[in-house]
Amino acid sequence: MTDTSADVLIIGSGIAGASLAWRLGLQGLRVTLLEMEDRVGYHATGRSAAMYEPRFGPPVIRALTVASGPFFLNPPDGFSDAPLSAPRGTLMAGEVGDDALMADALAMGFEPISLAQAQRLLPPLRIQALTCCLYDPETRDLDVDALHQACLRAHKRARGTLVLNAELQSAARRNGMWRVVTKAGEFTSPILVNAAGAWADVAANRCGVKPLGFTPKRRSMAVIDAPEGAQSWPQLFPARDDFYTKPAGGKLLVSPSDADPTEPHDAFADDMRLAEGIEAFQRLMDVDVHRLDSSWGGLRTFARDGNPVVGFDSQTEGFFWLAGQGGYGIQTMPALSQFASALLLKQALPDFISAEALRPNR
Ligand SMILES: Cc1cc2nc3c(=O)[nH]c(=O)nc-3n(C[C@H](O)[C@H](O)[C@H](O)COP(=O)(O)OP(=O)(O)OC[C@H]3O[C@@H](n4cnc5c(N)ncnc54)[C@H](O)[C@@H]3O)c2cc1C
């Protein structure tokens, strides 16, 4: 029988909820994950590009990503049998008019390389279309499934509970306890964590907590056949950010880098955006694209200032936010979950980020 009381209830079992559950379980807390779907990883976590990119994003994201790097190289003993990451590298391509963007990338730590070096790394690159290239050797592929499953296994080992088909419908706080009504029954706990991804504001509303104004933005992905030898290519990222491409699973992923604001929903790829992305891809890559093998879409969810939101709500007791990771929730998972766990347990905070930068209601 499912235990309906817990020290902490977490809404959402994506990478955010699962990683916090793992961290809290290590501290001896009984944690219950409530998931509205009939499986884990169905939304953003299962739809990412699976990259670790320490030189992308706003400063707060870069600080969290750099702080997370050692974890992906050397995870704690017993966390995962599978390697969590593998080298990939990112080539940043500059075209006429991209000087300011390339200067920004250089300032973020990308290394200058010659066009001839760039072509050796990525043979189909149309270097005649480029003015210069930069390279980041620290970009890595992540094994998102291994990471997510490792968190969930550790949660289970700590005698945590995962309840599927348990969409939170309403919640109220009385006498220091949350009483949470879900499609799978009622649950109680003194602390309720909102790790509902694109639905973070919807979930808050249902708990009587003021939403913070998150925006889910759709990102589309096409999968195409990969030429011989493609699996060793780096990720290619034009400075103007109108597509990116990387090898994965014997194929090539091509994303149009779309970021169209939308409502939370079961996202799908936008065909028009995919066509634009493939056209941009062929501007820089001498690769024939006869057909798309498959495609998918996912939601990257942002707070107004683009930084994640982590901490107790300033107006509602016992309501903790862990949301707004945007396009960086996998690569920042180690640092964000460590920070969230320390904050929730009122322990000393790690020094890689200030609580103010992530504070809800900021
Ligand atoms: C196309 C794409 C590419 C990306 N590439 C990268 C990348 O390369 N690197 C990187 O670091 N990040 C990347 N991201 C971002 C990353 O995937 C997200 O930041 C991360 O997965 C967010 O995790 P989450 O747990 O907050 O959200 P989710 O995985 O969406 O989990 C939220 C969960 O909450 C559940 N839920 C919602 N409402 C309720 C409710 N009322 N009751 C119960 N459960 C509920 C949902 O079913 C869902 O399972 C990418 C995202 C996309 C879409």
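Residues numbered from 1 in each chain as written. Predicted model: local features only at pLDDT ≥ 70, side-chain atom pairs only at ≥ 80, totals over all residues.

### Side note on the overall build of the protein chain
Turning to step 1, where the next piece is worked out: The number of helices and strands found in the protein chain is nine helices and 21 strands.
Turning to step 2, where the next piece is worked out: Over its C-alpha atoms the protein chain spans a radius of gyration of 21 Å, differing by no more than 12% from the 21 Å that the globule rule assigns to 362 residues.
Turning to step 3, where the next piece is worked out: Principal-axis analysis of the C-alpha atoms places the extent of the protein chain at approximately 70 × 40 × 40 Å.
Turning to step 4, where the next piece is worked out: By residue count, 49% of the 362 residues in the protein chain fall in the buried class.
Turning to step 5, where the next piece is worked out: Long-range pairs, those at least 24 residues apart, make up 73% of the contacts in the protein chain between residues at least 6 apart in sequence. (Helix = DSSP H or I, 4+ residues; strand = E, 2+ residues; numbered from the N terminus. Rg over C-alpha atoms; globule rule 2.2 N^0.38 Å. Buried ≥ 20, exposed ≤ 12 C-beta atoms within 10 Å, placed from the backbone. Contact = placed C-beta atoms within 7 Å.)

### As for the environment of Ile-330
Turning to step 1, where the next piece is worked out: Examined against the element boundaries, Ile-330 turns out to sit in the loop between strand 21 (319-323) and helix 8 (333-344).
Turning to step 2, where the next piece is worked out: On the basis of neighbour count, Ile-330 is assigned to the buried category, with 27 C-beta atoms found within 10 Å.
Turning to step 3, where the next piece is worked out: Along the primary structure Ile-330 and Val-309 are separated by 21 residues, whereas in three dimensions their C-alpha atoms are 15 Å apart.
Turning to step 4, where the next piece is worked out: Here Ile-330 is in contact with Ile-15, Ser-48, Ala-50, Leu-142, Val-144 and Leu-147, once residues within four sequence places are set aside.

### Structural notes on the domain arrangement of the protein chain
How large an interface is tends to be reported as the accessible area lost when its parts come together.
Turning to step 1, where the next piece is worked out: In terms of domains, the protein chain is made up of domain 1 (8-50 + 144-213 + 305-358) and domain 2 (90-137 + 215-301).
Turning to step 2, where the next piece is worked out: For domain 1 and domain 2, the distance between their C-alpha centroids amounts to 31 Å.
Turning to step 3, where the next piece is worked out: In this assembly, 14 residues from domain 1 lie in contact with 10 residues from domain 2.
Turning to step 4, where the next piece is worked out: Looking at the side of domain 1 that touches domain 2 residue by residue, the classes come out as seven nonpolar, six polar and one charged. (Domains from an automatic or database assignment. Nonpolar A, V, L, I, M, F, W, Y, C, P; charged D, E, K, R; others polar.)

### Quick word on the packing of helix 2 (residues 59-73) against helix 8
Relative orientation and spacing of two packed helices are given, respectively, by the angle between their axes and the distance between those axes.
Turning to step 1, where the next piece is worked out: Axis separation between helix 2 and helix 8 bottoms out at 6 Å; the angle between their running directions is 100°. Between helix 2 and helix 8, the angle falls in the class roughly perpendicular. Counted together, Leu-64, Ala-67, Ser-68 and Phe-71 of helix 2 and Met-333, Pro-334, Ala-335 and Leu-336 of helix 8 form the full contact between these two elements. (Axes fitted to C-alpha atoms, helices over the stretch in contact; angles between N-to-C directions. Parallel < 35°, antiparallel > 145°, perpendicular 65-115°, else oblique.)

### Here's the deal with the sheet that holds strand 21
Turning to step 1, where the next piece is worked out: Strand order in the open sheet formed by six strands is 9-2-1-13-21-20, with mixed pairing between adjacent strands. Looking at the sheet topology across the chains shown, the edges are occupied by strand 9 (161-163) and strand 20 (309-312). Averaged over neighbouring strand pairs, the angle between their axes works out to 20° when direction is ignored.
Turning to step 2, where the next piece is worked out: As judged from the three bridges shared by strand 13 (residues 191-194) and strand 21, these two strands associate in the parallel manner. From the neighbouring strand, Asn-194 faces strand 21, where its bridge partner is Trp-321.
Turning to step 3, where the next piece is worked out: Running at roughly 170° to strand 2 (residues 31-34), helix 1 (residues 15-26) makes contact with strand 1 (8-11), strand 2, strand 13 and strand 21 of the sheet. (Pairing = 2+ DSSP bridges.)

### Things to note about the environment of Leu-33
Turning to step 1, where the next piece is worked out: Following the sequence through the fold, Leu-33 ends up in strand 2.
Turning to step 2, where the next piece is worked out: Along the chain, Leu-33 and Leu-9 lie 24 residues apart, while their C-alpha atoms are 6.1 Å from each other.
Turning to step 3, where the next piece is worked out: Beyond its immediate sequence surroundings of up to four residues, Leu-33 is in contact with Ile-10, Ser-13, Gly-17, Ala-18, Ala-21, His-155, Gly-160, Thr-161, Leu-162 and Val-163.

### Notes on the site of the ligand
Turning to step 1, where the next piece is worked out: Within the structure, the ligand sits among 40 residues, and Gly-12, Gly-14, Gly-197, Gly-298 and Gly-329 are positioned closest to it.
Turning to step 2, where the next piece is worked out: Those elements giving two or more residues to the shell around the ligand turn out to be helix 1, strand 14 (215-225) and strand 19 (294-302).
Turning to step 3, where the next piece is worked out: Grouping the amino acids of the shell around the ligand by side-chain chemistry returns 21 nonpolar, 13 polar and six charged.
Turning to step 4, where the next piece is worked out: Both domains that furnish three or more residues to the shell around the ligand are identified here as domain 1 (8-50 + 144-213 + 305-358) and domain 2 (90-137 + 215-301). (Near = placed C-beta within 6 Å.)

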